[in-house]
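One-letter residues, chain by chain:
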Amino acid sequence: EKTGQVPYSDPDDPDYMELSGYADQDSLVALEALLPKLNPHVPVRRRAPAMLAASDYHTHLVAIGGIDWNVLTRRCLNLLGLPVRQIADWETDGGQYFEVEDHGAVILHRPVFETIGDRATFREDVALFVRAASPFSRGCTISICCGMHTKGTYGVVRALTDESVSNRN
């Protein structure tokens, strides 16, 4: 989804770059390269979730990014009724995680940071890939790639696009 805070994301800026207005750019570029190869007869159109037209909801959809930046991801995760919830409370230390219901118990999956010297360093993320029937249009699908952080989202996308692992996935 458009961030609006990134340099060069303002269309009136003389150095405007359309992709600078999107979060998860690495994931976006990787999927845009893969999708036409998998579906050569299906047009692939990039839209920020806020820019989706009513007709876009009657096609196959791919949502990239978590619930904090992507209203489509947030809406679909709510509508699909999955046993997984993404929690993105950025005001609370440790308030970012995925919640999984498992036989009545709730298990939290959190990103991992480690302290090296006096600096907290990101070590691993938690991410979710969903492919489901579209809640908007019978016969269409929704695919969701989201992590707690950009690296998690990119990890999910790489599981689909990286030739060394994509066939196994």
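About the criteria used
- Residues numbered from 1 in each chain as written.
- Predicted model: local features only at pLDDT ≥ 70, side-chain atom pairs only at ≥ 80, totals over all residues.
- Heavy atoms only, no water.
- Helix = DSSP H or I, 4+ residues; strand = E, 2+ residues; numbered from the N terminus.
- Rg over C-alpha atoms; globule rule 2.2 N^0.38 Å.
- Buried < 20%, exposed > 50% of the residue type's maximum accessible area, 1.4 Å probe, protein only.
- Contact = heavy atoms within 4.5 Å.
- Lys, Arg positive; Asp, Glu negative; His and termini not counted.
- Charge placed at Lys NZ, Arg CZ, Asp CG, Glu CD.
- Core = buried A, V, L, I, M, F, W, Y, C linked by side-chain atoms within 4.5 Å.
- Phe/Tyr/Trp six-rings, centres within 6.5 Å; stacked < 30°, edge-to-face > 60°.
- Expected span 1.5 Å × (residues − 1).
- Polar contact = N/O pair within 3.5 Å; in protein donor to acceptor, adjacent residues only side chain to side chain.

(A) Broad picture of the overall build of the protein. The number of helices and strands found in the protein is 3 helices and 8 strands. In summary, the protein has a C-alpha radius of gyration of 17 Å against a globular reference of 15 Å for 169 residues, a match within 12%. For the protein, the C-alpha atoms occupy an extent of roughly 50 × 50 × 35 Å along the three principal directions. Scored against the burial criterion, the 169 residues of the protein give a buried share of 35%. In the protein, the share of contacts with a sequence separation of at least 24, taken over all contacts with a separation of at least 6, comes to 43%. Here the protein carries 16 positive and 23 negative side-chain charges, and the mean point of each set is 8 Å from the other.

(B) Region of interest: the nonpolar core. Judged by nonpolar contacts, the single largest core of 18 residues is most densely connected at Leu72, Phe98, Leu128, Ile142 and Ile144. Mapped by element, the contributors of at least two residues to this core are β1 (61–64), α2 (71–80), β7 (127–133) and β8 (141–147). Not counting residues within four places of it along the chain, the set of residues in contact with Phe98 comprises Val84, Arg85, Gln86, Ile107, Leu108, His109, Val126, Ala127, Leu128, Cys146, Gly147 and Met148. Counting residues in hydrophobic clusters, the runner-up holds 9 residues, among them Tyr22, Leu28, Leu31 and Val157.

(C) Focus on the packing of aromatic side chains. Here the structure, examined in full by the defined rule, presents 2 aromatic pairs. Ring centres of Tyr57 and Phe136 lie 4.7 Å apart, and the angle between their planes is 75°; this geometry places the pair in the edge-to-face category. Taken together, the positions of Tyr57 in the loop between α1 (25–38) and β1 and Phe136 in the loop between β7 and β8 put the pair 79 residues apart, joining distant regions of the chain. According to the relative accessible area criterion, Tyr57 is buried, its value standing at 17%.

(D) Up close: α1. Taking 1.5 Å as the rise per residue, α1 with 14 residues should run 20 Å; its terminal C-alpha atoms sit 20 Å apart, in good agreement. Inspection of α1 places Ser27, Leu28, Ala30, Leu31, Leu34 and Leu35 among the buried residues, and these make up the whole buried set. Contacts made by the buried residues of α1 are with β1, β8 and α3 (150–161).

(E) Inspection of the environment of Ser27 at higher detail. With respect to the secondary-structure elements, Ser27 resides in helix α1. Residues Ser27 and Thr153 lie 126 residues apart in sequence; the distance between their C-alpha atoms is 6.9 Å. Other than its neighbours up to four places away in sequence, Ser27 contacts Ile64, Thr153, Tyr154 and Val157. One polar contact links the side chain of Ser27 to the main-chain amide nitrogen of Tyr154, over a distance of 3.4 Å.

(F) Unusual backbone geometry, seen in detail. For Asp24, which is not glycine, the phi dihedral falls at a positive 55°. By secondary structure assignment, the location of Asp24 is in the segment before α1. With a relative accessible area of 9%, Asp24 lands in the buried category. Phi is positive for His103, which is not a glycine, with a value near 55°. Tracing the backbone shows His103 in the loop between β3 (96–102) and β4 (105–109). Looking at His103, the relative accessible area reads 84%, which means it is exposed.

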